[in-house]
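The residues making up each chain are set out below.
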Amino acid sequence: MSTTTEKTDWDELADRVLTGETPDEKTLHSILDCPDEEILSLLHASYRIRNHHFGNQVQLYYLKNAKSGLCPEDCGYCSQSKISEAPIEKYVWLNEEKIFAGAKQAAENQAKTYCIVASGRGPTNREVEHVAGVVKRIKSELGLHICCCLGLLKPDQAKILADAGVDRINHNLNTSREYYETICTTHTYQDRLDTLQVAADAGMELCSGVIVGMGETDADLVGVACELKSLNVKSIPINFLTSIEGTPLEDVSQLTPQRCLKALCLFRFMHPATEIRIAGGREVHLRSLQALGLYPANSIFISDYLTTVGQETHEDFKMIEDLGFEIVLQGAESGDSSDSPNAALSC
Ligand code: SF4
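Residues numbered from 1 in each chain as written. Predicted model: local features only at pLDDT ≥ 70, side-chain atom pairs only at ≥ 80, totals over all residues.

What is the right way to look at the environment of proline 237 in this model?
Here proline 237 is to be found in strand S7 (residues 235-240). Given 30 C-beta atoms within 10 Å, proline 237 falls into the buried group. For the pair proline 237 and isoleucine 276, spaced 39 residues apart in sequence, the C-alpha separation works out to 5.9 Å. (Helix = DSSP H or I, 4+ residues; strand = E, 2+ residues; numbered from the N terminus. Buried ≥ 20, exposed ≤ 12 C-beta atoms within 10 Å, placed from the backbone.)

The structure is reproduced here in structure tokens:
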């Protein structure tokens, strides 16, 4: 579509994406190479795509870390890993009342989706039954959309979750296939792909995203954006690495607010009708440019992330109001996925 040495006409690129064209890798690289002085033009073009599919709607997500720390895996970005020395709160599975209380909190905060997240390689069958029980209660009493992020899943576990009413499974690819073993050695990229397949086979929607800023190259970011295209994902959370002291990536720092905005635009151009959520690291890395992120993205987490604190909810509401955007309320359909096949720092 273009070369990195040519000046790209972002509006013309948006026109082509809106007529169904998928950008090639060179074009995706040119988005990441966009000169900072062109960033408003890039955002405007991304917004046209976002607006076409989602209007000015913003989807709110609220998450509960139902089990924290104590994880035998070695994901380098994660404060909950066995190799992390970060001083986080660690606890085993929350009981039904506490997980349900989180769902009520989500509903009170106008979140349409409640994400139940647990640390660990994957759940035991007993843990899956525990989640299934709470989800049945949440669905019958509150009717929230439910997404679960529980690690690697087996087919029978996925079926139990689907039967209980879980709408969606989150399992992030995080980065490219090539870079994956640099950030994790205890499970493979293929393990992650297999869990996504198992969830899809059980009839649940897929949510899978990335962590930007882990030392990856542009090619890694472009690679994972393309990989996600083939997976039929409904939702893509874009995390920005918050380097947590005590984790192997504590000294990695490659993000600027502009880099974060370009990454969001990259995913919007590549996934025009897919929900794109600004996830962990929003406040830390976008800082005063947070609101601009909602021109390419159409979703955010409210309140806290897994082990880091988010902006106050009333500030998020104010930001959305100031933009002139509107929150998608529970029960309302968001967006137009007609041409789409369709965790805060992830598990
Ligand atoms: S990301 Fe998930 S699997 Fe990896 S160390 Fe953290 S809790 Fe464990």
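Just to check I follow, could you spell out the packing of helix H5 (residues 125-141) against helix H6 (residues 155-164) for this structure?
For any two helices packed against each other, one specifies the crossing angle of their axes together with the interaxial distance. Close contact between H5 and H6 brings their axes to 8 Å; oriented N to C, the two are set at 10°. The angle between H5 and H6 falls in the class roughly parallel. Here Asn125, Val128, Glu129, Val131, Ala132, Val135 and Lys136 of H5 lie close against H6, whose contacting residues are Gln157, Ile160, Leu161 and Ala164. In the contact of H5 with H6, the residues fall into seven nonpolar, two polar and two charged. (Axes fitted to C-alpha atoms, helices over the stretch in contact; angles between N-to-C directions. Parallel < 35°, antiparallel > 145°, perpendicular 65-115°, else oblique. Contact = placed C-beta atoms within 7 Å. Nonpolar A, V, L, I, M, F, W, Y, C, P; charged D, E, K, R; others polar.)

Honestly, the environment of threonine 195 in this entry has me stumped. Any pointers?
For threonine 195, the position within the fold is in helix H8 (residues 189-201). By the C-beta count within 10 Å, which is 23 here, threonine 195 ends up buried. For the pair formed by threonine 195 and leucine 153, sequence separation is 42 residues and the distance between their alpha carbons is 5.5 Å. Setting aside residues up to four positions removed in sequence, threonine 195 forms contacts with Leu152, Leu153 and His171.

Looking at this structure, how should I read the pairing of S7?
Regular strands have side chains that alternate between both faces of the sheet. With six of its six residues buried, S7 lies for the most part within the structure. The alternating pattern of S7 places Ser235, Pro237 and Asn239 on one face and Ile236, Ile238 and Phe240 on the opposite face, and all of these are buried. In this structure, strand S6 (residues 210-212) lies alongside S7, joined through three bridges in parallel fashion. Bridge pairing in S7 places isoleucine 211 opposite asparagine 239. Following the backbone out of S6, through helix H9 (residues 218-229) and into the adjacent parallel S7, one traces a crossover that is right-handed. Across four bridges, the pairing between S7 and strand S8 (residues 275-278) is parallel. (Pairing = 2+ DSSP bridges. Right-handed = clockwise from strand over helix to strand, strands pointing away.)

Explain helix H4 (residues 96-108) to me, please; I cannot follow it from the model alone.
For H4, with 13 residues, the first-to-last C-alpha span of 18 Å sits near the 18 Å given by 1.5 Å per residue. Those residues of H4 that are buried lie in contact with strand S1 (57-67), strand S2 (113-118) and H5. Note on H4: the residue one or two positions beyond its end, glutamine 110, has a positive phi of about 65°. (Expected span 1.5 Å × (residues − 1).)

Would you mind showing me how to read unusual backbone geometry here?
Most peptide bonds are trans, and most residues other than glycine sit at a negative phi. Positive phi outside glycine occurs at glutamine 110, with the angle close to 65°. Tracing the backbone through its elements, the reader meets glutamine 110 in the loop between H4 and S2. The residue asparagine 232 is not glycine, and still its phi comes out positive at about 65°.

What is the right way to look at H8 in this model?
The end-to-end C-alpha separation of H8 is 18 Å, in line with the 18 Å expected for 13 residues at 1.5 Å each. Among the residues of H8, those classed as buried are Arg192, Thr195, Leu196, Val198 and Ala199. Angularly, the buried residues of H8 cover 160° about the axis, an arc narrow enough to put them on a single face. Set apart from the buried face of H8 by more than 90 degrees, the exposed residues are Gln190 and Asp201. Those residues of H8 that are buried are in contact with H6, strand S4 (168-170) and strand S5 (205-207). Phi turns positive one or two residues past the end of H8, at glycine 203, with a value near 95°. (Arc of directions from axis to C-beta.)

Sorry, what's going on with the nonpolar core here?
As a rule of thumb, nonpolar side chains are buried together in soluble globular proteins. Grouped together as the largest cluster of nonpolar side chains are 93 residues, with contacts concentrated most on Tyr114, Cys148, Ile238, Leu264 and Leu266. Considering each element in turn, this core owes the most residues, nine residues, to helix H10 (residues 257-270). (Core = buried A, V, L, I, M, F, W, Y, C linked by C-beta atoms within 7 Å.)

Is there a simple way to explain the packing of helix H2 (residues 25-32) against H10 in this structure?
In contact at an axis separation of 8 Å, H2 and H10 are set at 155° when each is read in the N-to-C sense. Taken as axis vectors, H2 and H10 run roughly antiparallel relative to one another. Two packed elements cross with a definite hand, and for H2 against H10 that hand is right-handed. Here Leu28, Ile31 and Leu32 of H2 come into contact with H10, specifically with Lys262, Cys265, Leu266, Phe269 and Met270. Split by residue class, the contact of H2 with H10 holds seven nonpolar, no polar and one charged. (Left-handed = near helix turned anticlockwise from the far one by under 90°.)

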